Amino acid sequence: MLTDYHLHLRPDDVGTAEEHFTEENVAEYLAAAESAGIGELGASEHVYRFRQALEYWSNPFWRTQARDDLDAYCEFVRTTPLKLGLEADFVPGAEDRLAALLDARSFDYVLGSVHFLGEAGAVDDTRYDVWERISDPDELWRTYFEWIAQAARSGLFDILAHPDLVKLWGDARPLPERDPGTYYEPAVEAIADTGIAVEVSTAGLRKHVEEIYPSRAFAEMCVEAGASFALSSDAHAPGQVGFGYDRAIEFLEGLGVERICVFEGRERRLEPLGPASERRGEATGSSGEAA
Ligand SMILES: [Zn+2]
Ligand SMILES: [Zn+2]
């Protein structure tokens with residue numbers, strides 16, 4: 001079994017819901033998944049593209065993005081074979097409001113992300129660059145992973161998305177002086193305590209850092225803590241579905257991970273991690289395509 005649960009049907013900053021939440025667009029994602037041997041696919045649009053997101057956090061970036069209707073998205077995805085997911089930002093202090101937004105809809109899974117460290121700015125967007133406010137890399141990494149720990153402990157999410165996103169600039173930004181393991185520790189402890197799935201995301205391979213999220217060291221700590229993993233590409237276009245999966249599979253196998261998470265109705269089970277070719281063989285004998 002291979003999954004790709006972190007998919008955006010729309011690229012960042014361009015186009016409209018009407019242009020991208022279409023049967024034709026989904027067909028392209030499905031075709032790409034099939035040729036990559038990926039059996040489980042789900043949409044996880046950014047929460048901040050929906051007007052309802054402003055009910056739990058309103059910042060200048062979100063106000064430029066929050067145009068679409070979350071319920072229309074959910075209804076559309078339910079007309080497709082895709083699982084229904086959402087990528088929701090963790091915002092400390094807004095837990096109850098986000099819980100209300102999530103509980104009112106029947107998602108298959110919710111990805112928890114930390115892009116913004118509140119008003120300090122974003123770790124992945126130069127337009128709202130957190131580095132302008134937190135220039136000390138040790139302070140930034142410590143703060144980021146504390147937020148990741150809080151996100152895990154909030155109980156709001158099924159999967160911790162791109163869990164070391166703070167590294168995405170690679171050597172283009174100063175690296176912490178202390179061993180990053182020091183900063184991973186509270187996050188891994190929270191992962192172990194809550195059982196939240198850890199996303200292995202190939203998106204980092206497309207960024208300056210050119211590395212899978214999370215780092216090998218972080219992932220090893222997660223394995224030691226008994227964590228489960230979810231596999232995704234964070235594609236923003238059909239051509240990115242299953243991007244870099246050869247490396248992701250090698251990465252997981254190298255860690256001794258034999259099973260990955262599959263979600264339905266916010267329940268999860270573990271399925272054997274299968275390379276693309278095996279999965280293709282399995283698919284022909286299976287009637288398990290989603291309705
Ligand atoms: Zn993200
Ligand atoms: Zn994403």
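See the structure printed just above.
Keep in mind it's a predicted model, so treat the numbers as computed, not measured.

Scoring rules and cut-offs
- Residues numbered from 1 in each chain as written.
- Chains lettered and ligands numbered in written order.
- Predicted model: local features only at pLDDT ≥ 70, side-chain atom pairs only at ≥ 80, totals over all residues.
- Heavy atoms only, no water.
- Donors = N, O, S within 2.8 Å, 3.2 Å for Na, K, Ca; no water.
- Helix = DSSP H or I, 4+ residues; strand = E, 2+ residues; numbered from the N terminus.
- Expected span 1.5 Å × (residues − 1).
- Buried < 20%, exposed > 50% of the residue type's maximum accessible area, 1.4 Å probe, protein only.
- Contact = heavy atoms within 4.5 Å.
- Phe/Tyr/Trp six-rings, centres within 6.5 Å; stacked < 30°, edge-to-face > 60°.
- Lys NZ or Arg CZ within 6 Å of the ring centre and 35° of its normal.
- Pairing = 2+ DSSP bridges.
- Axes fitted to C-alpha atoms, helices over the stretch in contact; angles between N-to-C directions.

Chemist: Please clarify how the coordination of the zinc ion (ligand 1) should be interpreted in this entry.
Modeler: Each pair of donors in an ideal four-coordinate tetrahedral metal site encloses 109.5 degrees, whereas pairs in an ideal six-coordinate octahedral site enclose 90 or 180 degrees. Protein ligation of the zinc ion (ligand 1) involves Glu 87 (OE), His 115 (NE2) and His 162 (NE2), the donor distances falling in the range 2.1 to 2.2 Å. Taken in sequence order, the residues that donate to the zinc ion (ligand 1) follow the motif E-x27-H-x46-H.

Chemist: Can you walk me through helix α6 (residues 137-153) in this structure?
Modeler: Every α-helix winds through 3.6 residues per turn, so residues three or four apart in the chain are directed the same way. Helix length check: α6, at 17 residues, gives a terminal C-alpha distance of 24 Å against a target of 24 Å (1.5 Å per residue), a fit within 8%. Of all 17 residues in α6, 12 are buried, a share of seventy percent or more. Those residues of α6 that sit buried are Pro 137, Asp 138, Leu 140, Trp 141, Thr 143, Tyr 144, Phe 145, Trp 147, Ile 148, Ala 149, Ala 151 and Ala 152. Contacts made by the buried residues of α6 are with β5 (159-160), α7 (180-194) and α8 (216-224). Backbone geometry just after α6 places Gly 155 at a positive phi near 75 degrees.

Chemist: What am I meant to see in the packing of aromatic side chains here?
Modeler: Any two aromatic rings considered together are summarised by their centre-to-centre distance and by the angle between their planes. Following the criterion strictly, the structure yields 21 aromatic pairs and no others. Judged by centre distance (5.0 Å) and plane angle (85 degrees), the ring pair of Tyr 144 and Phe 145 falls under edge-to-face. The exposure class assigned to Tyr 144 is buried, which follows from its relative accessible area of 0%. For Phe 145, a relative accessible area of 0% corresponds to the buried category. It is Arg 173 that lies over the ring of Trp 169; its NZ or CZ is 4.5 Å from the centre. Just above the ring of Phe 243 sits the side chain of Arg 206; from NZ or CZ to the centre is 5.2 Å.

Chemist: What exactly am I supposed to notice about the sheet that holds strand β7 (residues 229-232) here?
Modeler: To summarise the sheet geometry, strands pair through backbone hydrogen bonds and adopt either a parallel or an antiparallel arrangement. Read from one edge to the other, the open sheet built from seven strands follows the order β1-β2-β3-β4-β5-β6-β7, with strand pairing classed as parallel. Single-partner strands in this sheet number two, and they are β1 (3-7) and β7. Here helix α4 (residues 70-78) sits on the sheet and contacts β2 (40-46) and β3 (83-89); the angle it forms with β3, its principal contact strand, is near 150 degrees.

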